[in-house]
Amino acid sequence: DLAAILSASADAHRRGLLHGDLHLGNLLVDRGQIVFLDLQRARFLPWVPGFLRRWELGYLAYSLGDPLPAGLASVRFWRDRRAQTHWRSRSRRCLAESGGFTAFELEGQKGFRRRDSDEARLRSLLASLEGQAPFKDAAKTRLFRLDASVVKQHARERDARAAWLGGNGLEARGISTATALAWVGRSLVMEDAGPTLD
């Protein structure tokens, strides 16, 4: 249906409609006709400038995934910008109460954890670090492997926070990584991804 979607979008743009949130979830094909849904961000303009047309089609292209269809090759830049905006937004969610993350506090230290991770298990895991020998002890980090998890203790809290944000940022971008389960104080808890390469 891409040809019909592009034709309907071009017609809407000619008529001065900028959808504002054009993606596959906001389109319906009804007997060969394209129906635009979810129009609360729509704007009607005297004309839709070319860069806004490309910007909107870039959003559509992002919703299609890879590979980029030849009919949308001219909006690659805008598709990539949309991807970066989406990734940043998804990454920042790990630092706020959201559907997937919640605040986590342990002995006065604050952080966040995934809602789907077992809070009692995380607390027990972090409490059991006392007296454990790390499998890697470097100048700024210590790594522990316990109960199918890896705990990375950083020298500074801001480094642990950056690692938490980075791990969730990689996951939001679809890059394979050991899933970050929780961050509190200087500690980051991750799923054990297997043997570590030296």
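Scroll up to find the structure.
Here's what I pulled together on the structure shown here. (Residues numbered from 1 in each chain as written. Predicted model: local features only at pLDDT ≥ 70, side-chain atom pairs only at ≥ 80, totals over all residues. Heavy atoms only, no water.)

Turning our attention to the overall build of the chain. Helices and strands together make up the secondary structure of the chain, namely five helices and 11 strands. Here the C-alpha atoms of the chain give a radius of gyration of 23 Å, more than 25% beyond the 16 Å that 2.2 N^0.38 yields for 198 residues. Looking at the chain as a whole, 35% of its 198 residues qualify as buried. Total accessible area on the chain stands at roughly 11800 Å², and carbon and sulfur atoms take up 51% of it. Computed over 31 positive and 23 negative side-chain charges, the separation of the two mean positions in the chain equals 8 Å. (Helix = DSSP H or I, 4+ residues; strand = E, 2+ residues; numbered from the N terminus. Rg over C-alpha atoms; globule rule 2.2 N^0.38 Å. Buried < 20%, exposed > 50% of the residue type's maximum accessible area, 1.4 Å probe, protein only. Areas by Shrake-Rupley, 256 points an atom, 1.4 Å probe, with all protein chains shown as cover. Lys, Arg positive; Asp, Glu negative; His and termini not counted. Charge placed at Lys NZ, Arg CZ, Asp CG, Glu CD.)

As a further point, take the packing of helix α3 (residues 76-92) against helix α5 (residues 157-172). Where α3 meets α5, the closest approach of the two axes is 8 Å, and the angle between their N-to-C directions is 135°. When the axes of α3 and α5 are compared, the pair comes out oblique. Considering the relative orientation of α3 and α5, their crossing is right-handed. Every residue of α5 that contacts α3 at Trp 87, Arg 90, Ser 91 and Arg 92 is listed here: Leu 165, Asn 168, Gly 169 and Ala 172. For the contact of α3 with α5, a count of residues per class yields three nonpolar, three polar and two charged. (Axes fitted to C-alpha atoms, helices over the stretch in contact; angles between N-to-C directions. Parallel < 35°, antiparallel > 145°, perpendicular 65-115°, else oblique. Left-handed = near helix turned anticlockwise from the far one by under 90°. Contact = heavy atoms within 4.5 Å. Nonpolar A, V, L, I, M, F, W, Y, C, P; charged D, E, K, R; others polar.)

To continue, consider the pattern of salt bridges. Side chains that differ in sign of charge can pair as their charged atoms come close. Evaluated as defined, the whole model comprises 13 salt bridges. When the shortest N-O distance is used, the salt bridge between Asp 30 and Arg 31 registers 3.6 Å. For Asp 30, a relative accessible area of 32% corresponds to the partly exposed category. Residue classification places Arg 31 among the exposed positions, given a relative accessible area of 77%. Where Arg 145 meets Asp 192, a salt bridge forms, and the shortest distance between an N and an O atom there is 2.8 Å. With a gap of 47 residues between them, Arg 145 in strand β8 (residues 141-146) and Asp 192 in the segment after β11 (187-191) connect regions that are remote in the sequence. Classification of Arg 145 as partly exposed rests on a relative accessible area of 36%. Among the charged side chains, a network of salt bridges with common partners joins Asp 11, Arg 14 and Arg 15. (Salt bridge = Lys/Arg side-chain N within 4 Å of Asp/Glu carboxyl O.)

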